[in-house]
Amino acid sequence: MNKTAIEIKNLSKRYRLGERLPYKTLRDALGNFMSSAIKSNKKAEEFIWALDDISLTVDKAEAVGVIGRNGAGKTTLLKILSRITRPTKGLARVSGRVRSLLEIGTGFHSELTGRENIFLNGALLGMRKSEIESKFKEIVSFSEIEKFLDTPVKHYSSGMYMRLAFAVAAHLEPEILLVDEVLAVGDASFQKKCLGKMDDVTRGGRTVLFVSHNMAAINRLCRKVIWLDEGKVKMFGPTQEVVSSYLAFGEEFEGQRRWVDEPSSPGNDNIRLRSVRLLDVNQQPVSSVDAANPFFVEIEYKILNPVSGVQVGFWLISAQGIVVFVSGDKEDVEWADKTRQPGIYKSACKIPGLLLNSGMYSLTIASDVFNNEAIFVKEGALSFQVEQTRLPAHSSTRPAGIICPFLEWHITKTE
Amino acid sequence: MENNNQDIAEIKPVSGMAAFSLKELWLYRDLLYFLVWRDIKVRYKQTVIGGAWAVIQPFFAMVVFSLFFGRLARIPSDNIPYPIFAFAALVPWTYFANSLSLATNSLVEHRAVITKIYFPRIILPLSSVLGGLVDFSIAFIVLIGMMFFYGIALSPLIWFVPLLTLLLIITVFSVSLWLSALNVEYRDVRYAVGFLIQLWLFASPVAYPASLVPQKWRFLYGLNPMAGVIEGFRSILLMAKAPDFGMLLVSSLVVLLVFISGIVYFQRVEESFADVV
């Protein structure tokens, strides 16, 4: 019996730069035809290889982690294996029923009830009606939304929505399961439950490819790990080995990012960025924060020559690309006018609780000579998730707005 | 694992020659069912008068047509009262027009799903086309009611209606295979479709009888499959006459051609939908 589940040979995928071009219109197509008839003015189009000549095999019943920084080709690999998109070159052979979870809750319809969405989403994920019916009870109890089963999901809180979506997805039973970063949802206790479910899935004799930035989850679930970097397999082997090399390489993971090679890290001859970390109230590194509690952004940098009038700080940017606020360490009056002697420094900023709304945020780390000349600007240095555990009174869904501050109100009866 | 001889699927670059897999469509039949069910459910949940829309649209079109074409322009109606003459055509026509525009947008509208989940994409236009059948059935029942009102007896030829309906469904589906796939790549197709449907309305015997077209051109007229379908509905239901088989044959052949080419085209571009949509 063949023990190979996935066999990949010289697989490559090319995308046009920018990934999605503006849509063509018929007029453009006709126009291009006309102009190319007159003269060939074809611009050299720019392409990127999202996957570049990948070859590997995954055995049956093996749980394999896929790591690498954003844009390394992880999702593209899953998309090709699940037949959502085709490779540009090469070949992949998969044996058995493949199901993929690139996102949870795909195809949920807000007007339909929880019950109806279980069936719709299940069918979209490739389950038969009878299969959904037989697992219906399990799905409902896993999602903990029994009471709201017949409520349209548009009235669900984001937590309930995610729980229901994950519950459906968790009950897929293919031979090969491809999972993209989907565990980063819900509150801590639900994440724990999801991870437990993934544990069962990987132990149940299924072949699993599991993309994640969460090294703890990778360590727990996978025996082997594929490390992708710029579309190539940088390393493929036992989890411990690959994960430690990956972390040593100084890539972004779990709420912190380090720069090791000095000449290439952001900065100049006087100042070099070393790391950015996200810390919770107990000074523990975290990758997601609870909106109700304060947390810290800690920037570590090295001063190589004495400098003064310099600040480091960050721009907090929302998932929509909106700058939420900008702040720098010259706010610390004790240091603002001092000359910093060579050494290693940490500047930490406390961001109060009850301020941010839930969602993804990213940090651009920057340093300048007091609002004048920029020394370095590192965009997307770190991204993190803010979870909303405390919602304003009488609200069951994510409130609108970039921030969600807790404000005081007073009601007075005047007449 | 029980089955040792699992299918090994090969994933290769876009070939443009993928074979249409009926077997795969069959595997996903439950998804088709749920998509149709969802469309119907959502439509009826979100609208105040729900199923009444199925009737209102052809009904008001009938009123307007009767007034302007029947009364003012005095367009002949084969000696049938103009309102029912128009309504019998508007029932299949409304289904055609609504389903075609829904199906054309079906792939683009499901962009989020197409880029995240694999399933035979053909299910999307197909579900739009099948979903419209509920409205069609409601409107058809009203048509039967109107026939009683006008004292038109049900013809023994009524068994022919399901066959004509099948031709109607395949017509809509075939055209939407082309338009939905084209719409993924060329976004102005959706605007062109509105215009196309308007033109098509006047190229079909909805407001006027097919008998207005000289006999020798009737064959050519059948190249528009909706002409065959609509004239068929009218002659069976209102005139208790067998449809013009010559015209129907031409229509069926045209539909067959559009269907086969549509499937081929759809399959060719399907593989790259997720990259383009």
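What you see is a predicted model; the values in this text were computed from it and never measured.

Turning our attention to the overall build of chain A. When helices and strands are counted, chain A shows 9 helices and 18 strands. Within chain A, the proportion of its 415 residues that are buried is 37%. Residue pairs in contact within chain A that sit at least 24 positions apart in sequence constitute 70% of those at least 6 positions apart.

Despite not being glycine, D53(A) shows a phi value in the positive range, around 60°. Assignment of secondary structure puts D53(A) in strand β2 (residues 47–59). Phi angles above zero are rare outside glycine, and R74(B) is one such case at about 50°. As for its placement among the helices and strands, R74(B) is situated in the loop between α3 (53–72) and α4 (82–109).

All right, on to helix α2 (residues 74–81) of chain A then. Three or four residues apart is the spacing at which side chains of an α-helix point the same way, because the helix has 3.6 residues per turn. Residues and elements named next belong to chain A. With respect to burial, α2 is a largely interior element, 8 of its 8 residues being buried. Burial in α2 covers these residues: K74, T75, T76, L77, L78, K79, I80 and L81. Among the residues trailing α2, R83 stands out with phi positive, at a value near 70°.

Pairing is antiparallel across the open sheet formed by 4 strands, whose spatial order is β2(A)-β1(A)-β4(A)-β1(B). Each having just a single partner strand, β2 of chain A together with β1 (8–11) of chain B make up the two edges of the open sheet. Each adjacent strand pair in this sheet contributes to an overall mean axis angle of 20°, direction not counted. With 4 bridges connecting them, strand β4 (residues 89–95) of chain A and β1(B) associate as antiparallel partners. Each residue of the ladder has a partner; that of R93(A), found in β1(B), is E10(B). Those strands touched by α2(A) are β1 (4–16), β2 and β4 of chain A together with β1 of chain B, and its axis lies near 120° from that of β1(A).

Before going further, it helps to examine the nonpolar core. In this structure, V64(A), L81(A), F210(A), A86(B) and A88(B) are the most contacted members of the largest nonpolar core, which totals 148 residues. Per-element accounting of this core gives the leading share, 17 residues, to α4(B). Not counting the four nearest positions on each side in its chain, L81(A) is found in contact with I6(A), A92(A), V94(A), V98(A), L178(A) and I11(B). Core analysis: the next-biggest nonpolar cluster, separate from the first, contains 22 residues, V276(A), I299(A), Y301(A) and L316(A) among them.

All right, on to the sheet that holds strand β15 (residues 323–328) of chain A then. Residues and elements named next belong to chain A. Pairing is mixed in the open sheet, where 5 strands are placed in the order β12-β18-β17-β14-β15. The open sheet has two edge strands, β12 (288–290) and β15, and neither has a second partner. For this sheet the average axis-to-axis angle between neighbouring strands, irrespective of direction, equals 30°. In this sheet, strand β18 (residues 373–387) lies alongside β12 in parallel orientation, the contact comprising 3 bridges. Within β18, the position partnered with V289 by the bridge is V386.

This brings us to the interface of chain A and chain B. Listed as interface residues are 41 residues of chain A and, on the opposing side, 33 residues of chain B. Elements with a contribution of two residues or more to the side of chain A that touches chain B: α1 (26–38), α2, β4 and α3 (114–124) of chain A. Here the side of chain A that touches chain B takes 6 residues from β4(A), the largest share from any one element.

This paragraph deals with the confidence of the model for chain A. Residue and element names in this part refer to chain A. Chain-level statistics for chain A give a pLDDT mean of 82 and a share of 85% at 70 or above. Taken together, the stretch residues 18–22 has pLDDT below 50 and engages in 1 contact with residues farther than four places along the chain or on a different chain. Low pLDDT, under 50, characterises residues 35–44; the stretch is placed with 1 contact to residues that sit more than four places away or in other chains.

Residue and element names in this part refer to chain B. With respect to the helices, strands and loops of the structure, Q267 is situated in helix α12 (residues 245–270). Taking the number of C-beta atoms within 10 Å as the measure of exposure, Q267 has 21 and is therefore buried. It is 39 Å that separates the C-alpha atoms of Q267 and I49, two residues lying 218 residues apart in sequence.

This paragraph deals with the pairing of strand β6 (residues 176–179) of chain A. Residue and element names in this part refer to chain A. Side-chain alternation along β6 places I176 and L178 on one buried face and L177 and V179 on a second face that is also buried. Pairing of strand β5 (residues 98–101) with β6, which is carried by 4 bridges, proceeds in the parallel orientation. Bridging from a neighbouring strand, V98 pairs with I176 of β6. Judged from the 4 bridges that link them, β6 and strand β7 (residues 207–211) form a sheet pairing that is parallel. Pairing of V179 across the sheet is with F210, part of β7.

All names here are of chain A. Where strand β3 (residues 63–67) and strand β8 (residues 224–229) come together, 4 bridges link them in parallel fashion. Across the sheet, residue I67 finds its bridge partner in β8, namely W227. Where β8 and strand β9 (residues 232–238) come together, 6 bridges link them in antiparallel fashion. When the sheet's bridge partners are listed, D229 is paired in β9 with K232. Joining the antiparallel neighbours β8 and β9 is a turn of 2 residues, in which E230 adopts a positive phi near 50°.

Calculation criteria
Residues numbered from 1 in each chain as written. Chains lettered and ligands numbered in written order. Predicted model: local features only at pLDDT ≥ 70, side-chain atom pairs only at ≥ 80, totals over all residues. Helix = DSSP H or I, 4+ residues; strand = E, 2+ residues; numbered from the N terminus. Buried ≥ 20, exposed ≤ 12 C-beta atoms within 10 Å, placed from the backbone. Contact = placed C-beta atoms within 7 Å. Pairing = 2+ DSSP bridges. Axes fitted to C-alpha atoms, helices over the stretch in contact; angles between N-to-C directions. Core = buried A, V, L, I, M, F, W, Y, C linked by C-beta atoms within 7 Å. pLDDT = per-residue confidence, 0-100.

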